[in-house]
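Residue-level listing of the chains:
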Amino acid sequence: VRPEFSSMFYAPWCGHCKSMHPDYEKLGKSLKGMARIIAVNGDAHKELSSQFGIKGFPTIKYYGMGDKAKAKPQDYQGERKFGPMNKMIQSLVKNDNVITVKKVLDVAAQIDKAGKVAILLSNKNSIPPMWAVVAGSAQLSAIKFTFSTDKNADIVKALEVTSFPTIAVVSKNEEGGYAKAVYSGAIEYDGIAKFILSQLNGESAPAAEEGAEGSEDAPKKEAPKKEPSNPKVALPLVPTAFTKHTLEFFCSSKTLKIKGQSPLCVIALNEERNLADVHAKYSNEPVLFFYADESEEVEKLSEALGTPLAANDVLLIRPFKEVAKY
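What you see is a predicted model; the values in this text were computed from it and never measured. (Residues numbered from 1 in each chain as written. Predicted model: local features only at pLDDT ≥ 70, side-chain atom pairs only at ≥ 80, totals over all residues. Heavy atoms only, no water.)

Colleague: Report on the nonpolar core, specifying residues and quantitative values.
Modeller: The biggest cluster of nonpolar side chains holds 47 residues, and the ones touching the most others in it are Tyr24, Trp131, Val134, Leu140, Phe145, Ile192 and Ile196. Apart from residues no more than four positions distant in its own chain, Val134 is found in contact with Leu140, Phe145, Tyr189, Ile192, Ala193 and Ile196. If you look at the next biggest cluster of nonpolar residues, it comprises 14 residues, including Cys265, Phe290, Leu309 and Ile317. (Core = buried A, V, L, I, M, F, W, Y, C linked by side-chain atoms within 4.5 Å. Buried < 20%, exposed > 50% of the residue type's maximum accessible area, 1.4 Å probe, protein only. Contact = heavy atoms within 4.5 Å.)

See below:
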């Protein structure tokens, strides 16, 4: 399961593109981590525009959750305003990987299956899209994701929850009760995913981050800064499936630059490979993450790059430079 993404094809001379730019940029900020929101200069990337059948500007294409290599992008036909676009993207998120629990025995049953569970306790009745997206991460498939509300008093009491929303990783202690590590950071994809991954790896919970919000729907607050002139790409740490077009359009001189800089293209040959260390090392520059774990994909990639590849390799590709292995 992958977070969906939206691509807007625009042209610098297009008046309609300029008028919807603020709404599209707001969409990217609001859905950061949940979805990839991309803006493509159709004039500068004519081959990519042709591949997607772009006949006018602006045109918005989007994918739902799932394997992007097998899916076809859809045309967005709604109003080009933040509200309708945001509602459409969030409606595509599926809750298939989240289990709703109403009693503490339900929590215990899930712990018995996986050893630990990640739980979101909310004062709202519906599962927020952010939680569903985190639950769909392949890197976190070893843990069960659950959701409960403040109305389920026995869960609230057993886990000693006093405020909402609360995100925690819960296990059983030696006395037969419950041990929990509570997430104290901002409500956003990267922070939550890294916290849960750290708990799976037996690490201590990270220190509280400033800017944490009291709502699972709230975006992370940032210090005031100058607004960029073009929409930014919102990239979660979850890699995207490698396709036959990945090298040409995302790992070459044709790649859309971010803040004037060509992004580093990272390709893992094992979908389960934890890329947090790569993300941390190159956190000060734009990075695109992909995975190619099918033998046929790896063979084609090896042939295209002219180098032998091993199952656990992580490739670092920059335009006009030699391919490196991490």
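Colleague: Quick rundown of the state of the cysteines? Include the residues and the values.
Modeller: Counted by the stated rule, this structure contains 1 disulfide. Residue pairing for Cys251: its cysteine sulfur links by disulfide to Cys265, the two sulfurs lying 1.9 Å apart. Separated by 14 residues along the polypeptide, Cys251 in the loop between helix 8 (246–250) and strand 11 (264–268) and Cys265 in strand 11 bring together distant segments of the chain. Each member of the pair Cys251 and Cys265 is classed as buried. (Disulfide = S-S within 2.5 Å. Helix = DSSP H or I, 4+ residues; strand = E, 2+ residues; numbered from the N terminus.)

Colleague: Go over the sheet that holds strand 9 (residues 178–182), please, and point to the residues and values.
Modeller: The strand order across the open sheet formed by 5 strands is 5-7-6-8-9, and the pairing between neighbours is mixed. Both edges of this open sheet fall to strand 5 (98–100) and strand 9, since each of them pairs with a single strand only. The sheet shows a mean angle of 35° between the axes of neighbouring strands, direction not considered. With 5 bridges connecting them, strand 8 (residues 166–172) and strand 9 associate as antiparallel partners. Following the sheet pairing, Ala168 is matched in strand 9 by Val182. (Pairing = 2+ DSSP bridges. Axes fitted to C-alpha atoms, helices over the stretch in contact; angles between N-to-C directions.)

Colleague: Could you give an account of the environment of Glu248, naming the residues involved and the relevant values?
Modeller: Here Glu248 is to be found in helix 8. Sequence spacing of Glu248 and Leu48 is 200 residues, and the spatial spacing of their C-alpha atoms is 9.5 Å.

Colleague: Go over the side chain of Thr166 with me, naming the residues and quoting the values.
Modeller: Tracing the backbone shows Thr166 in strand 8. Of the polar contacts made by the side chain of Thr166, one reaches the backbone oxygen of Ser163; its length is 2.6 Å. Beyond its immediate sequence surroundings of up to four residues, Thr166 is in contact with Ile119, Leu120, Leu121, Val161 and Val182. (Polar contact = N/O pair within 3.5 Å; in protein donor to acceptor, adjacent residues only side chain to side chain.)

Colleague: Summarise the packing of aromatic side chains; cite the residues concerned and give the values.
Modeller: The full count for this structure, using the stated rule, is 4 aromatic pairs. Ring centres 5.6 Å apart and planes at 45° place the aromatic pair Phe9 and Phe52 in the tilted group. Taken together, the positions of Phe9 in strand 1 (residues 5–10) and Phe52 in the loop between helix 2 (46–51) and strand 3 (59–62) put the pair 43 residues apart, joining distant regions of the chain. Between Trp13 and Phe57, the ring centres sit 5.9 Å apart and the planes meet at 80°, which makes this aromatic pair edge-to-face. Of the two residues, Trp13 sits in the loop between strand 1 and helix 1 (15–30) while Phe57 sits in the loop between helix 2 and strand 3, which places them 44 residues apart along the sequence. Overall, the relative accessible area of 58% leaves Trp13 in the exposed class. Looking at Lys26, its charged tip hangs above the ring of Phe82, at a distance of 4.4 Å from the centre. (Phe/Tyr/Trp six-rings, centres within 6.5 Å; stacked < 30°, edge-to-face > 60°. Lys NZ or Arg CZ within 6 Å of the ring centre and 35° of its normal.)

Colleague: How would you sum up the sheet that holds strand 14 (residues 324–325)? Please name residues and give values.
Modeller: Taken in spatial order, the 5 strands make up an open sheet running 10-12-11-13-14, and their pairing is mixed. Of all strands in the sheet, those with a lone pairing partner are strand 10 (240–241) and strand 14, marking the two edges. Strand direction decides the pairing type here: strand 11 and strand 12 (residues 287–291), joined by 5 bridges, are parallel. Paired with Leu264 across the strands is Val287, a residue of strand 12.

Colleague: Let's hear about the pairing of strand 11: which residues, and what values?
Modeller: Among the 5 residues in strand 11, 5 count as buried, and that is most of the element. Burial of the side chains of strand 11 extends over both faces: Leu264, Val266 and Ala268 are buried on one face and Cys265 and Ile267 on the other. Handedness of the crossover is the feature at issue here: the chain leaves strand 11, passes through helix 9 (residues 276–281), returns alongside strand 12, and the resulting connection is right-handed. Sheet analysis places strand 11 next to strand 13 (residues 314–317), joined by 4 bridges and oriented antiparallel. Across the sheet, residue Ala268 finds its bridge partner in strand 13, namely Val314. (Right-handed = clockwise from strand over helix to strand, strands pointing away.)

Colleague: Any chance you could break down helix 1 for me, citing the residues and the numbers?
Modeller: Look at helix 1: 24 Å from first C-alpha to last across 16 residues, which is about the 22 Å you get at 1.5 Å a residue. By the burial criterion, the buried members of helix 1 are Cys17, Met20, His21, Asp23, Tyr24, Glu25, Leu27 and Gly28. (Expected span 1.5 Å × (residues − 1).)

Colleague: Tell me about the pattern of salt bridges, residues and numbers included.
Modeller: Pairing between side chains of opposite charge can happen when their charged atoms approach one another. With the rule as written, the count across this model stands at 3 salt bridges. In this structure, Lys46 and Asp43 form a salt bridge, with 3.9 Å as the shortest nitrogen-oxygen distance. On the accessibility criterion, Lys46 (57% relative accessible area) is exposed. By relative accessible area, which is 28% here, Asp43 ends up partly exposed. Across the pair Asp75 and Lys61 runs a salt bridge, and its minimum N-O distance is 2.7 Å. You can see Asp75 sitting in strand 4 (residues 74–75) and its partner Lys61 sitting in strand 3, a full 14 residues away along the chain. (Salt bridge = Lys/Arg side-chain N within 4 Å of Asp/Glu carboxyl O.)

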